[in-house]
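Remarks on the overall topology
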Amino acid sequence: MNLLQRLFGGNKKELKAPANEQRMMGESKVCTMEKIYRTDVGLSDWKAAIESCFAPPYYDHVPLYDLYDNAFLDDVVFSALETRFNGSIAENFALYDKSGKLIEDKTEILQKQWFLELMYAIVETKAWGYTTVQFWYDDFFKNNEFTKFRKIPRQNINPKRRVYLENPYADFVGETLDNFPLTLEFGKSDANYDTLGLLIRPAKRVMYKNFTVSDWAKYNEKYGTPYRYVKTSAKDKKPYYALLDNFGRNGFGAFDENDELGALNAGTTSNMETFKGFIDFCDTQATKSLVGQTSTMEEKAFVGSAEDQERKLDWWGEADMKFIEYQINGKVLPFLAKLGRAYQGIDKYKFEFEFFHDKKNKKETTPQPTKTPDQNLSLKNECCDDDYPFGKA
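Residues numbered from 1 in each chain as written. Predicted model: local features only at pLDDT ≥ 70, side-chain atom pairs only at ≥ 80, totals over all residues. Heavy atoms only, no water.

**A closer look at the overall build of the protein**
- Broken down by element type, the protein carries twelve helices and twelve strands.
- Split into buried and exposed, the 393 residues of the protein put 35% on the buried side.
- Put simply, of all contacts in the protein between residues at least 6 apart along the chain, 66% involve residues at least 24 apart.
- Of the accessible surface of the protein, which amounts to about 25,900 Å², a share of 52% is contributed by carbon and sulfur atoms. (Helix = DSSP H or I, 4+ residues; strand = E, 2+ residues; numbered from the N terminus. Buried < 20%, exposed > 50% of the residue type's maximum accessible area, 1.4 Å probe, protein only. Contact = heavy atoms within 4.5 Å. Areas by Shrake-Rupley, 256 points an atom, 1.4 Å probe, with all protein chains shown as cover.)

Now the structure itself:
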């Protein structure tokens with residue numbers, strides 16, 4: 001007899017414990033169904049998505065990127081990333097030679113819309129972990145210059161194996177990226193926790209938040225609308241049902257002299273505060289993992305705390321700008337130089353944000369303080385009287 005038969009109507013004699021088995025009172029051998037919580041299921045999906053990135057032979061990143069897409073749709077996550085990344089690419093940049101001289105003509109070539117979008121594609125690699133872009137001449141090339149590029153959907157790229165998957169939800173075997181010309185890859189292909197991107201942390205919080213918002217909406221739908229009732233001695237209750245059903249739409253009603261119409265509101269708001277408190281917690285933790293603090297994302301914050309945390313955001317922004325510089329100087333400029341045309345010899349110059357260039361020049365040109373003759377004077381014993389003995393030997 002199988003387990004289901006034992007649990008649901010099987011031979012009762014077979015459910016008896018063996019005679020030689022001593023059991024304490026209250027023990028049971030019947031299997032019970034444990035309640036499944038959505039948060040547990042969501043956390044399991046999050047862990048499984050991470051583990052699949054490390055599991056040979058396919059190193060599947062698709063489940064993780066799906067979670068990232070869901071996290072990026074969250075208002076707080078989107079706002080934090082946009083605040084951080086746009087602050088980096090908004091800085092002015094230029095190309096300089098080895099002597100620090102500005103190369104205006106080559107700089108002007110890069111001051112185009114497509115290059116601004118490329119910088120954003122580069123810096124968002126820190127959130128997603130990996131980004132692949134592709135250029136080509138047809139329709140993307142005008143007057144010997146590029147006008148745009150194509151960012152390949154991340155689900156279609158397996159960064160560990162460097163293959164393109166036509167159908168990422170069905171295919172495991174794809175074509176190597178080496179067969180695609182004019183392709184640039186940003187981010188490390190090594191599968192480890194440092195290369196999975198910043199979204200790995202807020203993705204979990206967003207799942208919890210979405211579950212809580214759904215429960216809060218159901219709670220408000222059920223208890224937010226006052227419960228309407230009529231006290232009446234009339235035998236025919238059908239007209240009153242129609243009256244209560246249209247209570248929110250009609251501004252009138254017909255009652256007997258002794259009828260009483262009322263509404264019951266929710267007696268407490270503690271349940272709503274529970275929902276709101278957990279949502280605020282998820283937002284706070286997600287913001288901390290993306291910009292290192294919360295004050296710059298809040299409408300109200302203490303002045304001192306806000307200024308301190310804005311400085312921290314500036315540090316993150318400077319680190320992002322350095323990341324952009326390294327990627328452009330190490331990959332983009334050599335790539336463009338190989339294409340020739342308007343980009344001939346562009347790799348001889350250095351891409352640098354004016355923020356760092358001016359900061360470096362200011363440090364180099366700032367005169368060092370020199371000692372004046374007055375600073376070299378020493379205190380002699382004979383200059384001090386008895387009231388100030390500290391000058392005496």
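Picking up after the structure, the text goes on.
**Description of the sheet that holds strand 7 (residues 163–164)**
- Taken together, the three strands give an open sheet; going across it, the order is 6-7-8, and neighbouring strands pair in antiparallel fashion. The outermost strands of the open sheet, each flanked by one partner alone, are strand 6 (157–158) and strand 8 (175–176).
- With two bridges connecting them, strand 7 and strand 8 associate as antiparallel partners. Bridge pairing links V163 to T176 in strand 8. (Pairing = 2+ DSSP bridges.)

**Details of the confidence of the model for the protein**
- When the pLDDT values of the protein are averaged, the result is 78; 71% of them are 70 or greater.
- Predicted confidence is poor over residues 376–393, with pLDDT under 50, and the contacts of this stretch with residues over four places away or in other chains come to eleven contacts. (pLDDT = per-residue confidence, 0-100.)

**Focus on a nonpolar patch on the surface**
- A contiguous nonpolar patch, built from Y58, F172 and V173 and spanning about 310 Å² of accessible area, is present on the exposed surface.
- Note on placement: V173 falls in the loop between strand 7 and strand 8. (Patch = residues over 30% accessible without salt bridge, like charges linked within 9 Å, V, L, I, M, F, W, Y side chains within 5 Å. Salt bridge = Lys/Arg side-chain N within 4 Å of Asp/Glu carboxyl O.)

**With respect to the pattern of salt bridges**
- The final tally for this structure, using the stated rule, is eleven salt bridges.
- Among the salt bridges present, the one from D320 reaches K126, with a minimum N-O distance of 3.1 Å. Of this pair, D320 sits in helix 11 (residues 303–339) while K126 sits in helix 7 (residues 125–128); the two residues are 194 residues apart in sequence, bridging distant segments of the chain.
- By relative accessible area, D320 is classed as buried at 0%.
- Measuring nitrogen to oxygen at the nearest pair gives 2.7 Å for the salt bridge that ties D283 to K209. Remark: K209 occurs in helix 8 (residues 202–224) and D283 occurs in helix 10 (residues 270–291); sequence separation between them is 74 residues.

**Notes on the nonpolar core**
- Membership of the largest hydrophobic core comes to 67 residues, with the highest contact counts inside it found for F115, L118, F135, L336 and F351.
- With residues near it in sequence (within four places) discarded, F135 still touches W114, L118, F146, K148, F149, P181, L182, L184 and F335. (Core = buried A, V, L, I, M, F, W, Y, C linked by side-chain atoms within 4.5 Å.)

**Side note on the packing of helix 3 (residues 62–72) against helix 8**
- Where helix 3 meets helix 8, the closest approach of the two axes is 9 Å, and the angle between their N-to-C directions is 60 degrees. Overall, the two elements helix 3 and helix 8 adopt an arrangement that is oblique. Here helix 3 runs over helix 8; the crossing is left-handed. Contacts between helix 3 and helix 8 involve L67, Y68, N70 and A71 from the first element and A203, V206, M207 and N210 from the second. (Axes fitted to C-alpha atoms, helices over the stretch in contact; angles between N-to-C directions. Parallel < 35°, antiparallel > 145°, perpendicular 65-115°, else oblique. Left-handed = near helix turned anticlockwise from the far one by under 90°.)

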